[in-house]
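# An overview of the molecular structure
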Amino acid sequence: MIFLPEVNHPMNSIKMVDFSAIILAGGQSLRMGKNKALIHYYGLPLIMYSIGLAGRFTQRIYISAGSNAFDDLGYPVIRDILPVKAAIAGIHAGLEKSETEWNLILTCDMPHVSPMLIEQLIDRIAPGIEVVVPENQGFPEPLCGFYHRSLKVQIEKNAGMGKFSLLDLIAMVPGRLVKPEGFSIMEMKQLFKNINEP
């Protein structure tokens with residue numbers, strides 16, 4: 001990630017940013033034995049936590065998936081364009097479909113991501129950057145963050161060279177790595193918890 005400096009950055013109010021949300025639900029769910037996004041987690045299909053979170057901020061919500069399993073949820077379902085089974089393909093398809101410059105990327109299997117974190121990410125969006133992601137144990141968390149639509153071009157260049165790593169993509173472009181603030185130690189352990197078992 002090419003870090004751009006922040007000058008006298010206060011976080012006093014939520015910045016007004018127009019964006020869409022893209023929920024990634026194209027994983028193979030091998031450990032679940034069935035579609036992970038539709039597994040019930042504390043009474044709700046797992047994907048509904050990400051949809052509910054996104055819905056606090058935008059009405060433009062897309063589901064990136066490779067099946068018809070989500071057609072009845074009432075949100076547009078996007079199919080991959082790139083011929084690879086990887087999260088980057090879902091993000092690329094979402095950026096291709098989106099009509100907004102900024103796009104919130106959420107995976108379907110991290111139900112503990114909080115609105116407060118999303119607000120902190122929104123607050124770091126600025127001209128000249130292309131990605132804003134949180135820090136998770138010292139590293140970027142690429143499946144929860146804001147991606148600028150212009151990244152579609154770099155993704156296609158990388159794909160042409162056989163590079164499909166999100167971390168490699170993030171390292172190549174101007175962005176900001178945001179350390180979550182205001183969370184307890186226990187909350188931090190849960191924040192990016194990935195639900196991989198029923």
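Described in the following lines is the structure provided in the data block. (Residues numbered from 1 in each chain as written. Predicted model: local features only at pLDDT ≥ 70, side-chain atom pairs only at ≥ 80, totals over all residues. Heavy atoms only, no water.)

## A look at the overall build of the protein
Selection rule: Under the scheme used here, helices are H or I runs from DSSP no shorter than 4 residues and strands are E runs no shorter than 2 residues, and both carry numbers assigned from the N terminus. Categorising residues by exposure relies on relative accessible area from a 1.4 Å probe, with only protein chains included: less than 20% of the type maximum marks a residue as buried, more than 50% marks it as exposed, and the intermediate range marks it as partly exposed. Contact definition: two residues touch when any of their heavy atoms are within 4.5 Å. Shrake-Rupley sampling with a 1.4 Å probe provides the accessible areas, and residues are treated as covered by the protein chains on show and by no other component.
Within the protein, the secondary structure is distributed over six helices and 11 strands. The buried share of the protein, taken over its 198 residues, is 45%. Intrachain contacts of the protein at a sequence separation of at least 6 include 73% that bridge at least 24 residues. When the accessible surface of the protein is split by element, carbon and sulfur atoms take 54% of a total near 10,200 Å².

## As for the pattern of salt bridges
For side chains of opposite charge, pairing can occur when their charged atoms come near one another. Heads up, the rule is: Salt bridge, as used here: a side-chain nitrogen of Lys or Arg that lies within 4 Å of a carboxyl oxygen of Asp or Glu.
One pass over the structure, following the stated rule, counts seven salt bridges. Here aspartate 109 ties to lysine 36 by a salt bridge, and the two come within 2.5 Å at their closest N and O atoms. In this pair, aspartate 109 sits in the loop between β7 (102-107) and α3 (115-123) while lysine 36 sits in the loop between β2 (19-24) and β3 (40-41), placing the two residues 73 residues apart along the sequence. Each member of the pair, aspartate 109 as well as lysine 36, is classed as buried. The partner of glutamate 96 in a salt bridge is lysine 152, and the shortest N-O contact between them spans 3.2 Å. Taken together, the residues glutamate 96 in helix α2 (residues 87-97) and lysine 152 in helix α4 (residues 151-160) connect sequence positions 56 residues apart. On the accessibility criterion, glutamate 96 (41% relative accessible area) is partly exposed.

## Concerning the pairing of strand β10 (residues 144-148)
What counts, and what does not: What makes two strands pair is DSSP finding at least two bridges between them.
Along β10, five of the five residues are buried, which leaves the element largely enclosed by surrounding structure. Side chains Cys144, Phe146 and His148 of β10 all project onto a buried face; the interleaved residues Gly145 and Tyr147 project onto the opposite face, where all are buried too. Across five bridges, β7 lies against β10 in antiparallel orientation. Considered in β10, the bridge of leucine 106 is made with cysteine 144.

## Examining the environment of isoleucine 47
Structurally, isoleucine 47 can be placed in helix α1 (residues 46-55). Of the residues examined, isoleucine 47 reaches a relative accessible area of 0% and is grouped as buried. For the pair isoleucine 47 and aspartate 109, spaced 62 residues apart in the sequence, the C-alpha separation amounts to 6.8 Å. Those residues in contact with isoleucine 47, other than ones at most four positions away along the chain, are Ile23, Ala25, Ala37, Leu38, Ile63, Phe70, Leu73 and Cys108.

## Observations concerning the packing of aromatic side chains
By convention here, two paired aromatic rings are described through the distance between centres and the angle between planes. What counts here: Note on ring pairs: Phe, Tyr and Trp rings are taken, using the six-membered ring of Trp, and paired if centres are within 6.5 Å. Classes follow the plane angle, with under 30 degrees stacked, over 60 edge-to-face and the rest tilted.
In the structure shown here, the tally under the stated rule is four aromatic pairs. Geometrically, the ring pair formed by tyrosine 41 and tyrosine 42 is edge-to-face, given 4.8 Å between the ring centres and 85° between the ring planes. Through pairs of rings, three or more aromatic residues link up here, namely Phe19, Phe57 and Phe146.

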